[in-house]
Each structure stands twice: as structure tokens, then as C-alpha cells.
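Architecture at a glance
The residues making up each chain are set out below.
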Amino acid sequence: MIGPARMLPHSWLGWSLIWLGFCVLAVLPYLVTPFYVGLVTTAMIAAMLAMSLQLLVGATGLVSLGHGAFYGLAAYVVYLVSPEGAAKPIWMTLPLAMAAAGLAAFIIGAISLRTKGFFFLMVTLAFGQLVYFVFHDTKLGGGTDGAYLAKPLISAFGYAFEPTSLPRSMRAWPAYYVALVQLVAMFALLAFFLRSMFGRVLEGIRVNESRMLALGFNTYAYKLAAFTIAGGLAGAAGHMWAMQSGFVNPELVGWHRSAEALLHILIGGIGTLAGPIVGAFAFIFLNEVAQQITERKLLVEGAVILAAVLMMRNGITGIRWLPNLPDTDPDASHEPREGVMQHSREPAND
Amino acid sequence: MTDAEAHLLRTIALSKSFGGLTAVRDVSLSLARGELHAVIGPNGAGKSTLVNLLSGALPPTSGRILLDGQDVTGLPQHARAHRGLARSFQRTNILASLTVLENVRLAVQAVALAPRRLLARPEGETTLIERAKAALARAGLPYGHSRIAGTLAHGQQRQLEIAMALAAAPKVLLLDEPLAGMGPEEGERIAQLLKSLATEHAVLLIEHDMDFVFSVADRLTVLVEGAVLASGPPENVRTNSAVQAAYLGGHAAHLLRVEPYPAWGIAEASTRRERGADGPEWHGEVDVDPHDHGACPGAGRVGLDRRRGCHRSGHVPDRASRHRLRS
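Just so it is clear, the structure is predicted and the values come from calculations on it, not from any experiment.

What follows concerns the overall build of chain A. A count of helical and extended segments in chain A gives 12 helices and four strands. Put simply, chain A has 350 residues, and 50% of those count as buried. Within chain A, counting contacts between residues at least 6 apart in sequence, those at least 24 apart form 79% of the total. For chain A, the accessible area works out to roughly 16800 Å², and carbon and sulfur atoms hold 68% of it.

Below, the discussion takes up the packing of helix H6 (residues 173-195) of chain A against helix H7 (residues 197-215) of chain A. Residue and element names in this part refer to chain A. Look at H6 against H7: their axes get within 4 Å of each other, and the N-to-C directions meet at 70 degrees. As far as their axial angle goes, H7 and H6 are roughly perpendicular. Within the contact between the two elements, H6 uses Phe193, Leu194 and Arg195 and H7 uses Met197, Phe198, Gly199 and Arg200.

Our next topic: the confidence of the model for chain A. With 85% of its residues at a pLDDT of 70 or more, chain A shows a mean pLDDT of 85. Low confidence marks residues 325-350 of chain A, where pLDDT is under 50. Its contacts with residues over four positions away, or in another chain, come to 22 contacts.

So, on to the interface of chain B and chain A. Across the boundary between the two partners, chain B contributes 40 residues, which contact 36 residues of chain A. Summing both partners gives a buried area of about 3200 Å² for chain B against chain A, and 60% of it is carried by carbon and sulfur. When the buried surface of chain B facing chain A is broken down by residue, B:His78, B:Leu119 and B:Tyr143 rank first, second and third, together holding 22% of it. Counting every contact that joins chain B to chain A gives three salt bridges. When the shortest N-O distance is used, the salt bridge between B:Glu102 and A:Arg200 registers 3.8 Å. Between chain B and chain A we count 13 residue pairs in polar contact (both at pLDDT 80 or more) in total. When residues of the side of chain B that touches chain A are traced back to their parent elements, those giving at least two are helix H3 (77-82), helix H4 (100-112), helix H5 (126-138) and helix H6 (154-167) of chain B. Take the side of chain B that touches chain A: its biggest share by element is eight residues, from H4(B).

The subject of this paragraph is a nonpolar patch on the surface. Residues A:Leu103, A:Phe106, A:Ile107 and A:Ile111 make up a contiguous nonpolar surface patch of about 390 Å² in total accessible area. With respect to the helices, strands and loops of the structure, A:Leu103 is situated in helix H4 (residues 90-112).

Bringing the pattern of salt bridges into the picture now. One pass over the structure, following the stated rule, counts 15 salt bridges over all chains. Here B:Arg33 and B:Asp68 are joined by a salt bridge, their closest N and O atoms 3.7 Å apart. Here B:Arg33, found in the loop between strand S3 (30-32) and strand S4 (36-40), pairs with B:Asp68, found in the loop between strand S5 (62-67) and strand S6 (70-71); they are 35 residues apart in sequence, far enough to count as distant. One network of salt bridges, in which partners are shared, links A:Arg200, B:Glu102, B:Arg105, B:Arg121 and B:Glu123.

Attention now goes to the confidence of the model for chain B. All names here are of chain B. This prediction gives chain B a mean pLDDT of 76; 73% of its residues lie at or above 70. Confidence drops under a pLDDT of 50 for residues 249-269, and excluding neighbours within four residues, the segment shows 63 contacts in the predicted structure. Within the model, the stretch residues 289-327 combines pLDDT values under 50 with 90 contacts to residues more than four positions away or in other chains.

Residue and element names in this part refer to chain B. Residues Leu85 and Arg87 line one face of strand S7 (residues 85-88) and the alternating positions Ala86 and Ser88 line the opposite face, and both faces are buried. Across four bridges, S7 lies against strand S8 (residues 172-176) in parallel orientation. Bridge pairing in S8 links alanine 86 to leucine 173.

Our focus in this paragraph is the nonpolar core. Grouped together as the largest cluster of nonpolar side chains are 158 residues, with contacts concentrated most on A:Leu25, A:Met44, A:Phe70, A:Leu183, B:Val104 and B:Leu160. For this core, the element with the highest residue contribution is helix H2 (residues 34-57) of chain A, accounting for 16 residues. If we ignore the near neighbours within four places in the chain, the residues touching A:Leu183 are A:Phe22, A:Leu25, A:Met44, A:Ala47, A:Met48, A:Met51 and A:Ile277. In terms of nonpolar packing, the next biggest core, distinct from the first, is built from 23 residues, B:Leu14, B:Leu29, B:Leu50 and B:Val51 among them.

With that settled, the discussion passes to the packing of aromatic side chains. All names here are of chain A. Taken as a whole and assessed by the stated rule, the structure comprises 18 aromatic pairs over all chains. Summarising the aromatic geometry, the rings of phenylalanine 120 and phenylalanine 227 are spaced 6.1 Å apart at their centres and angled 80 degrees between planes, so their arrangement reads as edge-to-face. A residue pair is termed long-range when its members are at least 10 positions apart, and phenylalanine 120 in helix H5 (residues 117-137) and phenylalanine 227 in helix H8 (residues 219-245) qualify at 107 residues. In terms of burial, phenylalanine 120 and phenylalanine 227 fall into one category: buried. Aromatic pair tryptophan 173 and tyrosine 177: ring centres 6.3 Å apart, planes at 65 degrees, arrangement edge-to-face. Of this pair, tryptophan 173 and tyrosine 177 both sit in helix H6, separated by four residues, roughly a single helical turn.

So, on to the sheet that holds strand S11 (residues 227-232) of chain B. All names here are of chain B. Read from one edge of the open sheet, six strands run S7-S8-S9-S4-S10-S11, paired in mixed fashion. The outermost strands of the open sheet, each flanked by one partner alone, are S7 and S11. Taken over all neighbouring pairs, the strand axes of this sheet differ in orientation by 15 degrees on average, direction set aside. Both S8 and strand S9 (residues 202-206) contribute to a ladder of five bridges, which runs parallel. If you follow aspartate 176 over to S9, its bridge partner there is isoleucine 206. The sheet strands contacting H6 are S7 and S8, and the helix crosses S7 at an angle near 175 degrees.

Procedures and definitions
- Residues numbered from 1 in each chain as written.
- Chains lettered and ligands numbered in written order.
- Predicted model: local features only at pLDDT ≥ 70, side-chain atom pairs only at ≥ 80, totals over all residues.
- Heavy atoms only, no water.
- Helix = DSSP H or I, 4+ residues; strand = E, 2+ residues; numbered from the N terminus.
- Buried < 20%, exposed > 50% of the residue type's maximum accessible area, 1.4 Å probe, protein only.
- Contact = heavy atoms within 4.5 Å.
- Areas by Shrake-Rupley, 256 points an atom, 1.4 Å probe, with all protein chains shown as cover.
- Axes fitted to C-alpha atoms, helices over the stretch in contact; angles between N-to-C directions.
- Parallel < 35°, antiparallel > 145°, perpendicular 65-115°, else oblique.
- pLDDT = per-residue confidence, 0-100.
- Buried area = accessible area lost by both parts, 1.4 Å probe.
- Salt bridge = Lys/Arg side-chain N within 4 Å of Asp/Glu carboxyl O.
- Polar contact = N/O pair within 3.5 Å; in protein donor to acceptor, adjacent residues only side chain to side chain.
- Patch = residues over 30% accessible without salt bridge, like charges linked within 9 Å, V, L, I, M, F, W, Y side chains within 5 Å.
- Pairing = 2+ DSSP bridges.
- Core = buried A, V, L, I, M, F, W, Y, C linked by side-chain atoms within 4.5 Å.
- Phe/Tyr/Trp six-rings, centres within 6.5 Å; stacked < 30°, edge-to-face > 60°.

Dropping the structure here:
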């Protein structure tokens with residue numbers, strides 16, 4: 001038996017929890033106040049960023065501190081292609097933002113993937129800051145102050161979701177549902193990659209890169225492909241951020257954003273694809289709660305994160321609710337079963 | 001058959017230096033189709049470095065490597081694997097957290113999967129899986145394919161290591177001490193396997209176990225201090241007195257007196273090999289005659305073994321002297 005894709009749920013229970021989560025998100029705006037609709041949108045965008053980074057950190061074993069650059073760059077692309085007064089439709093801005101982020105990731109990845117481990121971390125950090133200072137120190141995107149985007153924010157196929165045309169309580173809904181659709185789509189896409197033979201190679205690289213190289217895998221090319229895909233997906237998250245907030249500034253590009261995404265992965269679970277989503281939600285709601293109970297919210301956050309990391313090494317999704325089920329695979333037996341092996345050829349499914 | 005056809009793998013004056021240390025020195029050897037060529041030598045003789053040079057894990061300092069008549073010296077490791085070169089490692093090097101089958105399936109995928117199929121799910125690729133299972137069965141692991149590779153017993157991990165090398169159906173197999181850490185029964189199985197492999201592949205075998213090497217190898221190359229001391233059929237190598245002095249001393253008989261061997265400036269040597277804490281240790285004495293070293297193929301170098309011998313390169317004594325060998 002080949003074994004399941006490590007980062008996806010191994011049982012029906014895990015899958016049920018994930019789909020239940022998505023279903024709850026689908027009906028959530030009907031249940032909560034507009035403030036929480038906005039907050040959950042922010043959490044979903046953070047989850048997208050963290051999940052795209054998880055393709056590198058959890059799946060390939062590459063810890064990057066420059067992921068925020070692709071996120072921020074994509075947000076700026078939305079600003080740059082939307083001249084004042086006329087918003088571009090989403091089917092145009094989204095691919096553009098993702099392509100720009102993917103291209104940047106390809107170039108930065110091509111250089112930084114020549115290094116490994118700690119040096120890779122530092123080189124990606126340096127490139128991330130390079131992109132940051134491009135937006136910070138030039139007038140390209142409004143300099144240090146950032147810039148506002150033209151409204152309406154979300155339009156597609158000639159129909160513009162003009163927030164002001166909606167009742168006050170529903171103004172945050174379009175962005176919410178667009179973000180949710182993208183979140184689910186990104187989860188499905190990454191699950192598809194992780195299950196594929198491409199994903200299995202990434203897993204092999206994470207476990208033992210030198211062996212994969214000796215087996216004949218061009219590990220550099222695989223890592224660059226993962227880095228580019230992750231960058232492009234971070235672009236989708238950055239694009240969504242610009243759509244929701246209508247505002248871009250250099251802080252989107254800086255390394256804090258990358259570190260935050262890493263933190264989300266750490267809290268949610270480094271070994272699962274759902275981990276970054278859970279981590280981002282947990283972090284953002286912790287942030288919110290801490291803000292309400294004290295002025296020293298960072299202190300509370302720090303303490304909770306420290307406790308979480310110390311007590312749950314595999315994050316929230318790493319908690320095992322059920323004991324491991326016994327191995328039911330007949331192949332696992334060590335007894336010679338010649339007759340069975342020879343005669344139990346299963347009929348092909350197709 | 002032309003020379004290039006006969007020799008699947010050839011090295012020409014291959015050298016590798018790490019700073020001041022020359023680990024592999026001017027090694028020229030060739031490996032023919034259907035041949036099992038064993039490389040032996042004392043610890044630190046450069047055997048594993050040689051495998052790393054051949055597989056592409058290390059770039060050589062100088063010299064060339066020809067695979068199937070084509071120069072592959074500048075090719076990266078993964079590209080050499082695609083040209084039909086597979087290796088196993090001296091220290092078990094597997095994908096420990098994956099299943100046994102997945103380890104071998106990836107080995108097949110590396111060389112046999114069309115790139116356009118890369119996004120397909122592995123479960124549906126029955127040809128890859130069948131090939132992987134066949135390689136596992138051949139290496140002596142017909143069952144327990146869903147176990148996590150890291151939980152296998154050491155000997156089974158060695159077998160898995162060989163299955164991974166086999167799975168790629170390579171032209172040339174580089175096996176770096178496949179028997180290391182194997183029990184006698186498994187060792188016997190692997191010996192049989194290697195003999196059968198040698199009929200269809202070219203196998204370069206690095207091994208410490210002398211009985212094993214002499215029983216399976218078609219050709220032997222003895223490396224000492226990174227250089228080829230002797231090369232040829234096992235019986236020729238066995239009787240070569242330089243080899244006896246340098247390496248085999250004490251193997252057949254516990255105590256071996258070496259005939260005077262003027263080519264190496266060794267007038268007389270008595271060595272014996274004893275089992276030490278980390279491998280064989282050497283004890284004995286050697287007499288060196290400085291007037292004979294002019295005929296030495298490695299002129300200026302006197303000594304049996306750089307680690308236990310009495311002299312290092314360039315230090316030729318100026319009078320006949322007796323030296324104690326130490327481990």
C-alpha cells in the first residue's frame with residue numbers, strides 16, 4: 001500500500017469535520033452581526049495566505065520568510081490595474097494578481113532555492129524586504145502611506161457588487177462569499193496537488209531530499225514549482241485582501257505578514273492542510289478576544305501561543321481525537337500467502 | 001564490440017581532493033556489461049568517495065566519467081539516474097516515514113513516469129506499482145509493503161535500499177556495502193541476488209566482507225590511499241603481494257609474512273589483522289628499503305596504509321629501517 005497523502009485527513013471523521021466547517025462558514029452571515037462577517041472574511045484571507053505557505057512549510061519542508069511579498073505584490077497589482085473611478089472585473093484582476101505573484105515567486109525562488117535551511121530563510125527574508133522597500137520607497141503605490149482602490153470593489157460579468165446598494169447589514173457579504181469560494185477552491189486545489197504524484201515527490205523531498213536526488217528527481221525543479229504555485233496562491237489571498245479592504249500599503253508586503261502566516265501554521269498544525277485555516281481563525285479570534293479584555297493584547301497572545309506550541313507540538317489539528325485504528329490492510333501481514341497473492345487479482349474498476 | 005560498447009561505465013584519471021586531502025587519486029576503471037566489479041580497500045581508502053563521484057553526488061576535481069560511451073562528468077546526480085545509473089548507500093538512506101511500497105514506487109516514478117502524468121494520483125498507476133512490488137520481491141521483501149519503512153528491522157531496511165536501486169531498472173548499479181549490518185541469512189540471499197543481477201546489469205560493488213567479495217566478483221580493484229593498487233580477476237589480486245601487504249594481510253592466514261616487494265620499497269613486512277572496536281585493526285612490522293623505491297609505481301610514497309602505515313607521502317626514509325605498524 002502506498003499510504004495516504006499525509007496532510008489530508010486519514011479518516012471519514014476528519015473529512016466530515018472539514019466539510020462541516022465549510023458548511024458553517026457558508027451560512028454564517030445569516031447568524032452573526034456584520035462586524036463578525038468582516039472579521040471572518042479577514043480570517044479567511046489570512047487562512048488562504050497561510051494555506052498557500054503550507055505547501056512550502058508543511059508539504060515540502062521549506063520554511064520561507066518572504067511569502068508576504070507575493071501576497072502584498074498581488075494586492076498592489078489590483079491597485080495598479082484599477083485606475084481611479086473604474087474597477088476592473090474580478091476575472092481580470094484575480095488572474096493578473098496571481099500571475100504577477102507567481103512570476104515574482106518564480107524569480108525569487110529560482111535564486112533562493114539554491115540555498116538550504118537557515119540560509120534559505122534569510123535569503124527569502126531579504127527578497128521579501130526588497131519587495132517591501134520597492135513599494136515603501138517609491139511612488140509606485142503611494143509610497144509609505146499606501147493608496148485607496150477605486151470602487152466598486154467586486155465586479156464580474158458586467159455586474160458590480162456595489163456595497164452601497166445593499167442593505168447596511170449585508171454590505172460585507174459579497175466580499176465574504178467571494179473569499180469563501182476562493183478558500184474552498186484553494187483547499188481543493190492543494191488537496192489535489194498533495195494527492196498527486198507531484199505531491200508525493202514533495203513529501204519525499206521533505207523526508208529525505210538527498211535520497212530523492214539520488215533516485216533521479218530534479219528536486220530543485222520540484223521545489224521551484226512548489227514555490228511558484230505557493231506564490232501564485234498567496235497572490236489570490238493578497239488580491240482578496242485588496243478587494244475586501246479597498247486599501248493597500250507597504251505593511252502588506254513586509255516580513256511581519258510572512259511571520260504571521262508561519263505562526264498560523266504552527267498553531268493550526270504543521271502536518272495538515274486544514275491546519276493553517278484553523279490556525280488563522282484561532283489566531284484572529286484570540287486577537288479579538290484579547291483586545292476586548294485587556295489593553296495588553298500582545299502579552300495575552302504571546303502567552304497563549306507559547307502555551308499552545310509547548311503543549312500541542314502538532315497544533316490544533318494535530319490532536320488525535322481517536323486512537324489510531326488498527327492496520328486493516330491485508331498486505332500488512334507477514335505470513336507468506338502465496339496462494340492468495342497469486343489468485344486474488346482484483347478486477348479492474350474501469 | 002568496440003571499447004565504448006564493452007564498457008558501460010568508465011572513469012579516466014578520476015581524482016577528488018578535499019582541501020589538502022586527496023581522497024581519490026587518478027582512478028581509471030571500467031565496468032563492462034554483465035560484470036560484477038568489486039572495489040575493496042581499507043577504511044578511508046576512498047571507496048565511498050568514488051561512489052559519490054560516479055553517482056554525481058560530488059563533483060570530481062579532475063578526470064572524466066563515461067556512462068555508456070557518453071561523458072557524464074558534468075551531469076547532475078538526477079540526470080545520471082535518468083541515464084541508467086542507480087546507487088545504494090553505505091548507511092541506510094531511505095524515506096523513513098513513508099511506506100515500504102511508496103519508497104520503491106517513488107524510485108520507479110523517478111525514472112519511468114511521463115511528466116504529463118505527474119498530477120495523476122499514484123494509486124491508479126498500476127504499472128509503477130507492479131514494478132515496485134517486483135523489485136521488492138526480488139530484494140527479498142515480498143510482504144509487509146504497507147509498513148512504514150523506518151519501522152523495519154535493520155536488515156530489511158538494507159534490502160529495501162537495494163530494492164530502491166533495482167526498481168529503476170538501471171544499466172549500472174552502484175552498491176555501497178550492501179551487506180553492512182545484515183545477518184548471515186539475509187547476506188546469503190543478497191549474495192544470490194547480486195550474482196543474478198550481475199548477469200543483466202553492470203554492478204559496481206563496494207564491500208568489506210572478503211569471503212563474499214572473492215566469491216561473487218568477476219573483477220576486483222584494490223584502492224589504497226585513493227589510488228588503484230591493483231585491478232584484475234580475483235585470483236590475480238589475491239596473489240598480488242602489494243595487495244597482501246597493503247590490505248589482505250592476515251586475512252587468509254592469521255599471520256602473514258609478505259615477500260620482499262621492491263616495487264614498493266618494502267623489504268619485508270609482517271602484518272596481521274585483528275578485530276578491533278571499529279573494524280579491523282592492523283598490527284605488525286615492516287622493513288623499508290629506500291634504495292628500491294625508484295621502481296615504485298607511486299614513487300616517493302612508501303607505506304602500506306596511510307592510516308596505519310609508517311610513512312606518509314613524500315617521507316621516504318633515507319636508510320633502511322624498521323617501522324612498527326599501528327592502528
